[in-house]
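Take a look at the letters that make up each chain.
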Amino acid sequence: LPLLLEATLLRLASGSHHPFYNGFYYNHIMNDKGKGQEKVVYFNGAKLVVETSKDPIYSSSGANVTLPCHYHYEPNLEAKRKIRIKWSKLRDDYTKEQDVLVAIGKTYMAFGDFQGRTHLRQAGRREASLVISDVRLQDDGKYRCEVIDGLEDESDVVDLRLQGIVFPYQPPRGQYRLNFHEAERVCQEQGAVLATFNQLFQAWSEGLDWCNAGWLADGTVQYPIRLPRKPCGGLHLAPGIRSYGPRHRHLHRFDAFCFSSALRGEVFYLDHPAGMTLEEAKQSCQDAGAEIAQVGQLYSAWKFLGLDRCDAGWLADGSVRYPITKPRANCGPAEPGVRSFGFPSKGRFGVFCYKER
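Residues numbered from 1 in each chain as written. Predicted model: local features only at pLDDT ≥ 70, side-chain atom pairs only at ≥ 80, totals over all residues. Heavy atoms only, no water.

## Digging into the pattern of salt bridges
One pass over the full model with this rule turns up 17 salt bridges. Note that aspartate 134 and arginine 264 form a salt bridge whose closest N and O atoms lie 3.2 Å from each other. Of this pair, aspartate 134 sits in the loop between strand S9 (129-132) and strand S10 (141-149) while arginine 264 is found in the loop between strand S17 (255-261) and strand S18 (265-270), placing the two residues 130 residues apart along the sequence. Notably, a salt bridge pairs arginine 161 with aspartate 159, separated by 2.8 Å at the nearest N-O pair. Relative accessible area serves as the criterion here: at 31%, arginine 161 is assigned to the partly exposed category. Residue aspartate 159 is classed as buried on the basis of its relative accessible area, which comes to 10%. When salt bridges that share partners are traced, they join Lys142, Asp159 and Arg161 into one network. (Salt bridge = Lys/Arg side-chain N within 4 Å of Asp/Glu carboxyl O. Helix = DSSP H or I, 4+ residues; strand = E, 2+ residues; numbered from the N terminus. Buried < 20%, exposed > 50% of the residue type's maximum accessible area, 1.4 Å probe, protein only.)

Set out below in structure tokens:
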């Protein structure tokens, strides 16, 4: 074994062999000389230090955000060095990290959904900050900034959090009808994504209390309880997030907890003296230069824009709901929230429409 280890290290140190992988991409743009050979840089007792923000970075859907990252040497090295930078996104289910961007100098390559939306900000010396444009709901999470100098490799993690709202969702078919993949799809259809545990925990800390179990983005099934009661885990349990743990993503069926962020448009209400059917409601929104609102858009307008309307209206999924920020008589319970009439098969109501700014 010692001989095998020594041979491996000798191969890594040799410039005539392929470069050490280390989770990095060493294709065309990654070669120092562009000749298929990698130059190995040796350190002289200097320690590479990488630092990111210890506090979360907050943003919202559609915005631009910068994730700070800087590096230095201890003791300081004045000589200019050939540095590789890699950004990756950590997954909630602890599977392989998602590649975001890799770079050498001013040459970089972005991957997947981050193509065309990411670049490095290198305004200062030894800066490796990541700029994300047109932030999407899926961008929420932890990111690793990794700096590679030869065989020296250091990294740090920064947390990007989107300002948003978590809402429970049941399909028209009723309670506990969604497997994991169906839950992902219905959240997307409502202008949202499956919530992460951190997002659900934040919603619980802000007052969310819901006794039905729902899927989260990591494949676990959980639900938030503020007021312990017999049907929701029992009176003997303290308030908190109840967990069923990971469930089978195809076989098991529950509800969903969806996450939606701030809007780039507005939600408004349209009415008709005689009310409207669902199809008439969709047409009314189109006539107004808009589209019928999704459930996530109504929740976002309620939370971030203070939408308050004591009139029930159709939404895109066929449900009828209305948002209340100032509880009052004849408008439901004494707490603010989005009220639901379910999925009426018939009836005439107003409609909530959404229009991009």
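Further notes follow.
## Description of the state of the cysteines
Applying the stated rule across the entire model yields five disulfides. What pairs with cysteine 69 in a disulfide is cysteine 145, and their sulfur atoms sit 2.0 Å apart. The sign of the -80° torsion about the S-S bond sets the cysteine 69-cysteine 145 disulfide as left-handed. With cysteine 69 in strand S4 (residues 69-74) and cysteine 145 in strand S10, the pair connects residues that are 76 residues apart, well separated along the chain. The exposure classification of cysteine 69 matches that of cysteine 145, with both residues buried. The disulfide partner of cysteine 285 is cysteine 353, and the S-S distance across this bridge is 2.0 Å. A torsion of -80° about the S-S bond marks the disulfide between cysteine 285 and cysteine 353 as left-handed. Taken together, the positions of cysteine 285 in helix H4 (residues 278-287) and cysteine 353 in strand S23 (residues 350-356) put the pair 68 residues apart, joining distant regions of the chain. We note that cysteine 285, like cysteine 353, is buried. Described in terms of the sequence order of its bonded cysteines, the disulfide pattern of the protein is 1-2, 3-6, 4-5, 7-10, 8-9. (Disulfide = S-S within 2.5 Å.)

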